[in-house]
Amino acid sequence: MWGDKRYHTLNYELRKIFGQKVMKLSLDGGFTCPNRDGTIGDKGCIFCGEEGSGEFAGCRYLSIKEQIEEQKELLSKKWNTDKYIAYFQNFTNTYSSYDDLREKYYAAISEEGVVSLAIATRPDCLSDEVMDLLTEINEKTFLWVELGLQTIHESSAKFIRRGYPLEIYNKAVEKLKERNIKVVTHLIFGLPDESKEDILESVKYVGNTNTWGVKFHLLYIQKETDLYRYYIKKPFPIFTREEYISLVVDGLELLPVEMVVHRLTGDGKKELLYKPRWSLDKLRVLSGIDREMKIRSSYQGLKFQSI
Ligand code: SF4
């Protein structure tokens, strides 16, 4: 239904819009996060590493222009494309002064070949001033904003030290939608004490927000994080590859067909990843998902229900 996939991939969507493969350039805007600098919390989310959940982003000591040039150069060895998404990935990319944000966003979208801007942030970091800036940028490029929700369940949100209640996410989604800004929500599968039903409730919820996209992340444990220290003291069950694949397919069935699926796996760095090590073989996970969907005669939206 979506090229050779049974779910609505970002790759499919971008090819439809831009007529060719569009590659992501992961940038580090040099920002921090209110959940780490003491404003909301000083320890960060429990799974967050030193690089602010963006282990593959460019180097924060380079300018945006330099990072873009460096990443284009790296990608050109593997991919033949001249269209790019500038992706502000790690830390909180709307958490700075208006002038700083404006300068960095414009620096990114002014680079040759950059046809889109993606900004990962927290829903509690979208002031009216920032919203006005995003609205302006949205008129100039193909913009989307990614929100790290992870779960709709308050007890899990407390455990991961997310630092805001679900209501804040709801308000941010409404504000962004009012301004026609595309929203992508991140969810994590595998948080301790969440059952399969709990995880699928979060998927159903996000599937009913009438937003543009979603990312499913596998909870992985990275060394030197508080989650790692917690796990060592108090181990909790971690999905096997087969369990994860089956749950992802359950989740895809619950999404509306229009929702664009940006990611279905975790993305840990090999040297930092503690568990599960099987997550390093992303291709195997993705082909397992394809296989499982085929076996089930399944497709995205098969079990979608409005709530
Ligand atoms: S909001 Fe993002 S950058 Fe901030 S602590 Fe949580 S995962 Fe890390």
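Above this text you will find the structure in question.
In this report, the structure presented in the accompanying data block is examined. Values in this document were obtained by computation on a predicted structure and should not be read as measured data.

**Some remarks on the packing of aromatic side chains**
What describes a pair of aromatic rings is the distance from one ring centre to the other and the angle between the planes of the rings.
Inference 1: In total, this model carries 15 aromatic pairs according to the counting rule given.
Inference 2: Summarising the aromatic geometry, the rings of phenylalanine 159 and tyrosine 230 are spaced 4.9 Å apart at their centres and angled 75 degrees between planes, so their arrangement reads as edge-to-face. With phenylalanine 159 in helix α5 (residues 154-160) and tyrosine 230 in helix α8 (residues 226-233), this residue pair connects regions lying 71 residues apart in the sequence.
Inference 3: Site record: aromatic cluster; members linked through ring pairs are Phe159, Tyr228, Tyr230, Tyr231, Phe236 and Tyr274.
Inference 4: Note that lysine 21 overlies the ring of tryptophan 79, its terminal NZ or CZ placed 4.8 Å from the centroid.

**Regarding the packing of helix α9 (residues 241-254) against helix α10 (residues 282-296)**
Inference 1: Running from N to C, α9 and α10 cross one another at 60 degrees; their axes reach a closest spacing of 9 Å. As far as their axial angle goes, α10 and α9 are oblique. Both α9 and α10 take part in a crossing whose hand is right-handed. Packed against α9, whose contacting residues are Arg241, Tyr244, Ile245, Ser246, Val248, Val249, Asp250, Leu252 and Glu253, the element α10 presents Arg284, Val285, Gly288, Ile289, Glu292, Met293 and Arg296 at the interface.
Inference 2: Among the residues forming the contact of α9 with α10, the class breakdown is 8 nonpolar, 2 polar and 6 charged.

**Here we look at the nonpolar core**
Inference 1: Judged by nonpolar contacts, the single largest core of 63 residues is most densely connected at Leu117, Leu134, Phe189, Phe216, Leu252 and Ile289.
Inference 2: The leading source of residues in this core is α9, at 7 residues.
Inference 3: Apart from the residues lying within four places of it in its own chain, the contact partners of leucine 134 are Tyr105, Ile119, Leu126, Leu143, Val145, Leu176 and Ile181.
Inference 4: Formed by 13 residues, the second largest nonpolar core is a distinct cluster that contains Leu14, Tyr87, Ala118 and Trp212.

Criteria and cut-off values
- Residues numbered from 1 in each chain as written.
- Predicted model: local features only at pLDDT ≥ 70, side-chain atom pairs only at ≥ 80, totals over all residues.
- Heavy atoms only, no water.
- Phe/Tyr/Trp six-rings, centres within 6.5 Å; stacked < 30°, edge-to-face > 60°.
- Helix = DSSP H or I, 4+ residues; strand = E, 2+ residues; numbered from the N terminus.
- Lys NZ or Arg CZ within 6 Å of the ring centre and 35° of its normal.
- Axes fitted to C-alpha atoms, helices over the stretch in contact; angles between N-to-C directions.
- Parallel < 35°, antiparallel > 145°, perpendicular 65-115°, else oblique.
- Left-handed = near helix turned anticlockwise from the far one by under 90°.
- Contact = heavy atoms within 4.5 Å.
- Nonpolar A, V, L, I, M, F, W, Y, C, P; charged D, E, K, R; others polar.
- Core = buried A, V, L, I, M, F, W, Y, C linked by side-chain atoms within 4.5 Å.
- Buried < 20%, exposed > 50% of the residue type's maximum accessible area, 1.4 Å probe, protein only.

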